[in-house]
Each structure stands twice: as C-alpha cells, then as structure tokens.
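Read off the chains here:
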Amino acid sequence: ANLTYEDAVGQIMPEIWDTAVTMITWPVMEIMKDGPVNATAGQTIMYTISYQNTGTDTAHNVTITETYPVDTVFQNATPMPDIGDNIWLIGDVSAGASGVIFINITIDANATGLLINNVTLDYETPGFIVLDPVYDEWTTFLSGPYMTMIKAAPAFANTGEQITYTITYNNT
C-alpha cells in the first residue's frame, strides 16, 4: 500500500508504503506405490504404499483405495484395511506427516503377462473442500516358468518297424 499526504500547511510529504504477506495454508497429499519388477505365477509378493502431506495444513478424511490386479488374491496388510480388503480410512494427516501400508497378494498359478496395480488417495481441506484425488500405479512383469519342448523322430519308417521318439524339454 502507498500513502501520499500533505501536512497542515499543504506541503506534500514523502510518500510512505508498506506490504503485508498472508500465508495461505493448504494440504498437499502425495502417494507412491512400490513393488517387485518381476514375479512368477503362484508367488506371494508385497506392495508398499507410502503417503505424505507435503502441504502446510492438515488433510482431512484421507482415504486410500487399493485396486488389486486381475489374477491376484489379497493375503494380508499392515495395517489391515478398514473396509473390505482394499480401503483404509486414514483420517487426518498433519502437514509433514506420512505413513506406510504393506500389502501381500498371491498371484494366481495360471496368471501371465503384466500385473497392473493402482492406488488412489482422496482427501479434503480443513474447510472440507474435496480436492482432486492423487493416484499411483505399479506394473509387475510375470516371468516364467517358460517350458520349451522338441519332439524328434525318424523321417521315414516301415510298417511294423519299431521307432524311437526323442523328446527334449527345457524350463527357461
């Protein structure tokens, strides 16, 4: 703000000014998912979900929702979910505070390809304004076992002749 004024006799006095800074506080939630890069069908693997409030105010009604990949079965988590096997009602997360969730799932014995796993975090401001959800995803490649097989036999045989087949297999 600037102030210009005159003294009592009408003489212009030096301009004076000042500023004021208002800090606006706001929660800013972040979430990160981590897991194995590679796994095999039938294996039990662990995902780690880390969350943190990097903002300047408390995030309210924090809820984390895990979406498990197709061909997997939830085994356990620390802490355990509050609703079903995939929803955690975290509550309030103060500025600078963080937390971790560990989840174990078992991959179906017939699963192949990629496991795509995602997590969503929803939260509100202190005035209970719903903010955009934050999201992260992790992809695990299902490797092996991959079997190969080669069957070999003579190209020709006579009627009634005994022949030998050779079968070679490999687990790569």
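Look up: the structure comes first, before these words.
Along every chain, residues carry numbers that run from 1 in the direction the sequence is written. pLDDT decides what is reported in this predicted model: residues at 70 or higher carry local features, side-chain atom pairs at 80 or more are listed and counted, and totals for whole chains, interfaces and linings draw on all residues regardless. As a rule here, side-chain values cover all heavy atoms of the structure and leave hydrogens and water aside.

Draft legend 1. Summary view of the sheet that holds strand S3 (residues 29-34). Two strands form a pair only when DSSP identifies at least two bridges running between them. In DSSP terms, a helix is any run of H or I states spanning at least four residues, a strand is any run of E spanning at least two, and both are numbered starting from the N terminus. Taking strand neighbours across the sheet as the criterion, the four strands line up as S3-S5-S9-S7 in an open arrangement whose pairing is antiparallel. Each having just a single partner strand, S3 and strand S7 (72-78) make up the two edges of the open sheet. Direction aside, neighbouring strands of the sheet carry axes that sit 25 degrees apart on average. With nine bridges connecting them, strand S5 (residues 44-53) and strand S9 (residues 98-107) associate as antiparallel partners. The residue bridging Gln 52 from the neighbouring strand is Ser 98, located in S9. The convention used is that axes are lines fitted to C-alpha atoms, helices contributing only their stretch in contact, and that angles between N-to-C directions extend from 0 to 180 degrees.

Draft legend 2. Spatial organisation of the pattern of salt bridges. Salt bridges are counted wherever a side-chain nitrogen of Lys or Arg sits within 4 Å of a carboxyl oxygen of Asp or Glu. For the structure shown, the criterion picks out one salt bridge. Between Glu 66 and Lys 33 there is a salt bridge, and its shortest N-O distance comes to 2.5 Å. Residue Glu 66 is located in strand S6 (residues 59-67), and its partner Lys 33 is located in strand S3; the two are separated by 33 residues in the primary sequence. Per residue, the accessibility class of Glu 66 equals that of Lys 33, and both read buried. Burial here depends on accessible area, computed with a 1.4 Å probe over protein chains only, as a share of the maximum for the residue type. Under 20% is buried, over 50% is exposed, and the range in between is partly exposed.

Draft legend 3. Structural context of the nonpolar core. Within this scheme, the nonpolar core is defined by two criteria: the residues are buried Ala, Val, Leu, Ile, Met, Phe, Trp, Tyr or Cys, and they are joined through side-chain atoms within 4.5 Å. If you look at the biggest cluster of nonpolar residues, it comprises 28 residues, and the most contacted ones within it are Met 29, Ile 31, Tyr 51, Ile 64, Ile 103 and Leu 121. Listed by contribution, the elements that provide at least two residues to this core are S3, S5, S6, S7, strand S8 (87-93), S9, strand S10 (114-124) and strand S11 (134-142).

Draft legend 4. Examining a nonpolar patch on the surface more closely. The patch calculation keeps residues exceeding 30% relative accessible area without a salt bridge and links them within 9 Å when they carry like charges or within 5 Å when they are nonpolar (Val, Leu, Ile, Met, Phe, Trp, Tyr). Surface accessibility follows the Shrake-Rupley procedure with a 1.4 Å probe radius. Residue values consider only the protein chains on display as shielding. On the surface, a nonpolar cluster with roughly 520 Å² of combined accessible area is contributed by Met 147, Met 149, Ile 167 and Tyr 169. For the nonpolar patch, the secondary structure elements donating two or more residues are strand S12 (147-152) and strand S13 (166-171). Positionally, Tyr 169 belongs in strand S13.

Draft legend 5. Quick look at the environment of Tyr 5. Of note, Tyr 5 is situated in the loop between strand S1 (2-3) and strand S2 (16-17). Since its relative accessible area comes to 37%, Tyr 5 is described here as partly exposed.

Draft legend 6. Molecular detail of the sheet that holds S8. Spatial strand order, S4-S11-S10-S6-S8: five strands in an open sheet with mixed pairing. Both edges of this open sheet fall to strand S4 (38-39) and S8, since each of them pairs with a single strand only. One ladder, built from five bridges, connects S6 with S8; its direction is antiparallel. Paired with Thr 65 across the strands is Ile 87, a residue of S8.

Draft legend 7. A look at the environment of Tyr 68. With respect to the helices, strands and loops of the structure, Tyr 68 is situated in the loop between S6 and S7. Tyr 68 sits in the buried class, given a relative accessible area of 18%. Through-space distance from the C-alpha of Tyr 68 to that of Ile 150 is 38 Å; in sequence the pair is 82 residues apart. Any two residues whose heavy atoms approach within 4.5 Å at even a single point are treated as in contact. Beyond its immediate chain neighbours, meaning those up to four positions away, Tyr 68 contacts Phe 74, Asp 85, Asn 86, Trp 88, Ile 103, Ile 105 and Asn 117. Here a polar contact means two N or O atoms within 3.5 Å. Within protein one must be a hydrogen donor candidate and the other an acceptor candidate, and residues neighboring in sequence count only if both atoms are side-chain atoms. Of note is the side chain of Tyr 68, whose polar atom sits 2.5 Å from the backbone oxygen of Asp 85.

Draft legend 8. Seen up close, the pairing of S6. Bridging between S6 and S10 involves six bridges; their strand directions are antiparallel. In the sheet register, Thr 67 faces S10, and the bridge partner there is Asn 118.

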